[in-house]
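Here is how the chains run, residue by residue.
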Amino acid sequence: MFTFQSIYLSLSLGMKLSSNPTIIISRTDNIGDVVLTLPLARFLKKKYPNAKILFLGKNYIKPLIDCCENIDKFIDWDHLSSIPEKEAISMLKALEAEVIVHVFPRPEIARMVYKAGIKYRIGTSHRAYNWFYCNKPVGFTRKNSPLHEAQLNFKLVELLKIDFPPSLDELGKSYGLTKLPALDGQWKRLITPGKYNLILHPLSRGSARNWNWKNYNHLIEILPSDKFNIFVTGTEAESALITENILQYHPEVTDLTGKLDFIQLIAFISHADGLVAASTGPLHIAAALGKRAVGLYPSIRPMHPGRWAPLGPKATYLALDKECNDCQKNKYCTCINTITAEQVKRLLN
């Protein structure tokens, strides 16, 4: 007699892959999330040296994927989602993928790859639609896990016999961002040899709690100008706000808001010495590139550093040592603003 548990166990048995499998990693959310998923590609390559690793993501993250030595091809989700589904399914079939790992679950992607006939379709069993479209469900949830986001990604590939969980130290050395773009001369000339070239990225486009303007201004004031060369980055839409709150008080700071496209932002970070930000994509890129990445975090779950800290050989973070949900529904966070500029300065080495 078949029960729900017996069906689940049969679906969750391991998989036998060919000697040169094509594996799709699907993650169609934001830059920081994607950065923390890149180590998955390295571990898959290590386990299956002849594998071809594809990454399905939003178009704007393609420059980041192009930097990764462990990913062989980028699949543009924005394009796939804009064409008739029948055509998109044909494109997915043509990839001849053997496995897809739904790191970031989307029902429309799950449906398409099911119709495309991809042999092994891995997804969390906590999404009801995955019981229709995924034949290798994995029973876990991210919400209350004590593990880091980068470690949680590996829960999905246990069936592929990838050890779980890798250490944070190992993950911080496994991004594979070796194919970096060249930095254009106009931006390269701004880097001052002999000084600490520091990027401040004060806004997070709503993805994280922000350190307040007063703290950023105080940090600029206490960093010696003969030792630090400071830049501010952000989007074009954020430029006016950053000018009003930082740049008008500090003409010595170089304004790069809205001036760098994503390719050049990656290249510029690779030439800098450090970066200070809340939990944002640029923070995780800096960490992945081995820069001194100082993350500023609230104590709120699931935004806390236990889940989202930057990982890298020189990455670190500051957060109030307390369990707190007082600001759960507010944009202003008291806890993150108790972090002082002096504390940040001490970490910039």
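Residues numbered from 1 in each chain as written. Predicted model: local features only at pLDDT ≥ 70, side-chain atom pairs only at ≥ 80, totals over all residues. Heavy atoms only, no water.

Undergrad: Would you explain the overall build of the protein in this entry?
TA: When helices and strands are tallied, the protein shows 17 helices and 12 strands. A globule of 349 residues ought to have a C-alpha radius of gyration of about 20 Å, and the protein, at 21 Å, matches this closely. For the C-alpha atoms alone, the extent of the protein along its principal axes is close to 70 × 45 × 35 Å. Across the 349 residues in the protein, those meeting the buried criterion constitute 56%. Expressed as a percentage of contacts within the protein between residues at least 6 apart in sequence, the contacts between residues at least 24 apart total 61%. When the accessible surface of the protein is summed, it comes to about 16,100 Å², and 52% of that surface belongs to carbon and sulfur atoms. (Helix = DSSP H or I, 4+ residues; strand = E, 2+ residues; numbered from the N terminus. Rg over C-alpha atoms; globule rule 2.2 N^0.38 Å. Buried < 20%, exposed > 50% of the residue type's maximum accessible area, 1.4 Å probe, protein only. Contact = heavy atoms within 4.5 Å. Areas by Shrake-Rupley, 256 points an atom, 1.4 Å probe, with all protein chains shown as cover.)

Undergrad: Please explain the pattern of salt bridges as it appears in this structure.
TA: When the charged atoms of two side chains with opposite charge come close together, those side chains can pair. In total, this model carries 11 salt bridges according to the counting rule given. As a salt-bridge pair, Glu-149 and Arg-27 come within 2.9 Å of each other at their nearest N and O atoms. With a gap of 122 residues between them, Glu-149 in helix α9 (residues 149-155) and Arg-27 in the loop between β1 (22-26) and α2 (31-35) connect regions that are remote in the sequence. One salt bridge connects Asp-169 with Lys-173, and the closest N-O pair in it is separated by 3.3 Å. The same class applies to Asp-169 and to Lys-173, which are both exposed. (Salt bridge = Lys/Arg side-chain N within 4 Å of Asp/Glu carboxyl O.)

Undergrad: When you look at the pairing of strand β2 (residues 52-57) in this model, what are you seeing that I'm missing?
TA: In the case of a regular strand, side chains alternate between the two sheet surfaces. With 5 of 6 residues buried, β2 is to be regarded as a mostly interior element. Strand direction decides the pairing type here: β1 and β2, joined by 5 bridges, are parallel. Bridging across to β2, Ser-26 finds its partner in Leu-56. Across 4 bridges, the pairing between β2 and strand β3 (residues 73-76) is parallel. By the bridge assignment for β3, Phe-55 is matched with Phe-74. (Pairing = 2+ DSSP bridges.)

Undergrad: Please explain the sheet that holds strand β8 (residues 228-232) as it appears in this structure.
TA: In a beta sheet, neighbouring strands are held together by backbone hydrogen bonds and run either parallel or antiparallel to one another. Overall, parallel pairing links the 6 strands, which are arranged β9-β8-β7-β10-β11-β12 in an open sheet. Of all the strands in the sheet, just β9 (254-255) and β12 (316-319) have a single pairing partner and so form its edges. Direction of pairing for strand β11 (residues 292-297) relative to β12: parallel, over a ladder of 4 bridges. Residue pairing for β12: Leu-296 is matched across the bridge by Leu-318.

Undergrad: Before we go on, may I ask you to explain the packing of aromatic side chains in this structure?
TA: Aromatic rings considered in pairs are described by the distance between their centres and by the relative angle of their planes. Following the criterion strictly, the structure yields 6 aromatic pairs and no others. With 5.5 Å between their ring centres and 55° between their planes, Tyr-114 and Tyr-133 make a pair best called tilted. Taken together, the residues Tyr-114 in helix α7 (residues 107-116) and Tyr-133 in helix α8 (residues 130-133) connect sequence positions 19 residues apart. When the centroid spacing of 6.2 Å and the interplanar angle of 75° are considered together, the rings of Tyr-297 and Tyr-317 count as edge-to-face. Here the residue Tyr-297 occupies a position in strand β11, and Tyr-317 occupies one in strand β12, the gap between them amounting to 20 residues. What makes Tyr-317 partly exposed here is its relative accessible area of 41%. Just above the ring of Phe-43 sits the side chain of Arg-42; from NZ or CZ to the centre is 5.7 Å. (Phe/Tyr/Trp six-rings, centres within 6.5 Å; stacked < 30°, edge-to-face > 60°. Lys NZ or Arg CZ within 6 Å of the ring centre and 35° of its normal.)

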